[in-house]
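Structural characterization, general
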Amino acid sequence: MSGRAALYALATGQFVVGVTSLSVVGMVAEMRAALDVTTADVALLLTVFAAVYAVSAPLLQAALGHLSRRAVLACAMGLSALSCFALAASGDWITAAGARAGMALAAALIGPTAAAAAASLVPPERRAVALSIVFGGITVSSVAGVPMSSFLAQQLGWREAWIAVGCAALLCAPAVWWTVPAENRGARGSALALLSVLASRAQGLTVGAVAMQFAGGFVVYGLISVWLVEEAGLAREFVPAMLFGYGLVGVLANILSGPVSARLGVERTIAAGMALSALGCAGMWAFPQPFWAAVATLVLMGASWLMIMAPMQARLVRLAGERAPLALAFNSSALYVGMAVGSAAGGAAYEAVGAGPLPLISAAGIALALGVFSLSRLGEPVDAPAR
């Protein structure tokens, strides 16, 4: 099988991660009624997923990183499917939370393993492109998977929607098994190896910049539908279409991240993306009206924000060397920690000051992330070669 076929198969794994992590967002009303809980309780299922993922991703890579990656991925997709089926059958919040924890464990295996496998399948100069293909599974899930699961929940029921998500996870497993070489594997990790990743200034600060970037961005993105209605004046019935369009922009940005990194260099692409996403958030705060201005600044924020993710992974692979799987696991943990912190901060800020200032808070958080990333590069060449 060709290397490109394997990359697209690995992207299906990231698709599973994206759909299982975020589909709750589109089923809040249905799950709340069936489980007899509050909206906050359903939202807490997102936090359960993020917390379990963040803690388990580096630990699982250290413990299982020496195994065949295609076997790990196939088994993890099976666990994801079983967890989806368990959530579909749950009758109370505790059972639902347990099922979400199972999904998170599966995702914590899939995300870093798929990225590490992709990086190992291509020469160094093509890593950014390869990782953009694999990370594309996440962006496609935001465009197709999450809206579709929400649609199924409304039309058929939320339990049936989770069964469909589980079946999708099962269907992705054979693609990975048939295309990823059996000998593709990493090395067994250790507590010392885990600490060495964060002890490295360049790697530790790069991971910290990822967490801050997502924490900053999710202050407004976590409540983007509220901001669009209350500040940009979008009619509520048009919010799904707007979010679908935002997802399409994210897919395009991810596709372009590989060629842009190859031309500008990984580090300059990351720095430019952070700067532009902060500028986009500041523009959302300054120009929520007229509507076309709000759309333009939102697109700038989203496109530049998502364009940096594959280059960030490529940078960590280069810095970490043989410990790249552990560095990628910490990167994934940082991403989900950022999501959880940013969403919580955005909710608290909204209760205190409303939707208007949220983009400005996001801009400040992303600017801080850019500062941390710049510190991670101290001593490196100004114009790092593309990788």
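Now for a quick tour of the structure.

About the cut-offs
- Residues numbered from 1 in each chain as written.
- Predicted model: local features only at pLDDT ≥ 70, side-chain atom pairs only at ≥ 80, totals over all residues.
- Heavy atoms only, no water.
- Phe/Tyr/Trp six-rings, centres within 6.5 Å; stacked < 30°, edge-to-face > 60°.
- Helix = DSSP H or I, 4+ residues; strand = E, 2+ residues; numbered from the N terminus.
- Buried < 20%, exposed > 50% of the residue type's maximum accessible area, 1.4 Å probe, protein only.
- Lys NZ or Arg CZ within 6 Å of the ring centre and 35° of its normal.
- 1 Å grid on protein atoms, 1.4 Å probe; cavity = no way out; pocket = protein on both sides within 12 Å on 5 of 7 lines; lining within 4 Å.
- Points joined across faces, edges and corners; volume = space filled by probe spheres on them.
- Nonpolar A, V, L, I, M, F, W, Y, C, P; charged D, E, K, R; others polar.
- Axes fitted to C-alpha atoms, helices over the stretch in contact; angles between N-to-C directions.
- Parallel < 35°, antiparallel > 145°, perpendicular 65-115°, else oblique.
- Left-handed = near helix turned anticlockwise from the far one by under 90°.
- Contact = heavy atoms within 4.5 Å.
- Core = buried A, V, L, I, M, F, W, Y, C linked by side-chain atoms within 4.5 Å.

Considerations on the packing of aromatic side chains
Given two aromatic rings, their pairing is described by the distance between the two centres and the angle made by the two planes. What the rule picks out here adds up to five aromatic pairs. Note on Phe49 and Tyr336: the rings are 5.8 Å apart at their centroids and 45 degrees apart in plane angle, and the pair reads as tilted. Pair noted here: Phe49 is in helix H3 (residues 39–64) and Tyr336 is in helix H15 (residues 324–353), with a separation of 287 residues, a long-range link. Note on accessibility: Phe49 and Tyr336 belong to one class, buried. On the numbers, 5.2 Å between centres and 75 degrees between planes, the contact of Phe218 with Tyr221 is edge-to-face. A residue pair is termed a helical-turn pair when its members lie 3 or 4 positions apart in one helix, as Phe218 and Tyr221 do in helix H9 (residues 201–221) at three residues. The class of Phe218 is buried, set by a relative accessible area of 9%. The rings of Phe49, Tyr53 and Tyr336 are connected pair by pair, giving a single aromatic cluster. The ring of Trp177 is capped by Arg70, whose NZ or CZ atom sits 4.1 Å from the centre of that ring.

Section: empty space enclosed by the protein
Rolled over the atoms, a probe sized like a water molecule indicates the empty space that remains. Applying the stated criterion across every chain yields a total of one cavity of 30 Å³ or more. By volume, the largest cavity is sized at about 70 Å³. Forming the walls of the largest cavity are Leu60, Gln61, Leu64, Gly65, Leu67, Arg69, Val72, Leu109, Thr113, Ala116 and Pro325. Elements that contribute at least two residues to the lining of the largest cavity include exactly H3, helix H4 (69–89) and helix H5 (93–120). Counted by class, the lining of the largest cavity contains seven nonpolar, three polar and one charged residues.

Thoughts on the packing of H9 against H15
Put simply, H9 and H15 touch, their axes get as near as 7 Å, and they point 30 degrees apart. Taken together, the axes of H9 and H15 lie roughly parallel to each other. Considering how the two elements wind past one another, H9 and H15 form a crossing that is right-handed. Where H9 abuts H15, its residues Gln203, Val207, Val210, Ala211, Phe214, Ala215, Phe218 and Val219 lie against Ala327, Phe330, Asn331, Ala334, Leu335, Gly338, Met339, Val341, Gly342, Ser343, Ala345 and Gly346.

Considering the nonpolar core
Core analysis: the largest hydrophobic core is formed by 116 residues, its most contacted members being Met31, Tyr53 and Trp162. Sorting elements by how many residues they give to this core places H5 first, with 15 residues. When sequence neighbours within four positions are dropped, the list of residues in contact with Tyr53 reads Val17, Ala104, Ala107, Ala108, Gly111, Pro112, Ser332, Ser333 and Tyr336.

Some remarks on unusual backbone geometry
Gln289 connects to Pro290 through a cis peptide bond whose omega is -5 degrees. Within the element layout of this structure, Pro290 appears in the loop between helix H12 (266–286) and helix H13 (291–307). You will see that Asp36, though not glycine, has its phi angle at about 55 degrees, which is positive. Along the polypeptide, Asp36 turns up in the loop between helix H2 (28–35) and H3. Of the residues examined, Asp36 reaches a relative accessible area of 69% and is grouped as exposed.

Section: the packing of H9 against helix H16 (residues 358–376)
Between H9 and H16, whose axes approach to 8 Å, the crossing angle comes to 170 degrees. As the angle between them shows, H9 and H16 are arranged roughly antiparallel. Across the interface between the two elements, Arg201, Ala202, Leu205, Thr206, Gly208, Ala209, Met212, Gln213, Gly216, Gly217, Val219 and Val220 of H9 pack against Leu358, Pro359, Ile361, Ser362, Gly365, Ile366, Leu368, Ala369, Val372, Phe373, Leu375 and Ser376 of H16. Looking at the contact of H9 with H16 residue by residue, the classes come out as 15 nonpolar, eight polar and one charged.

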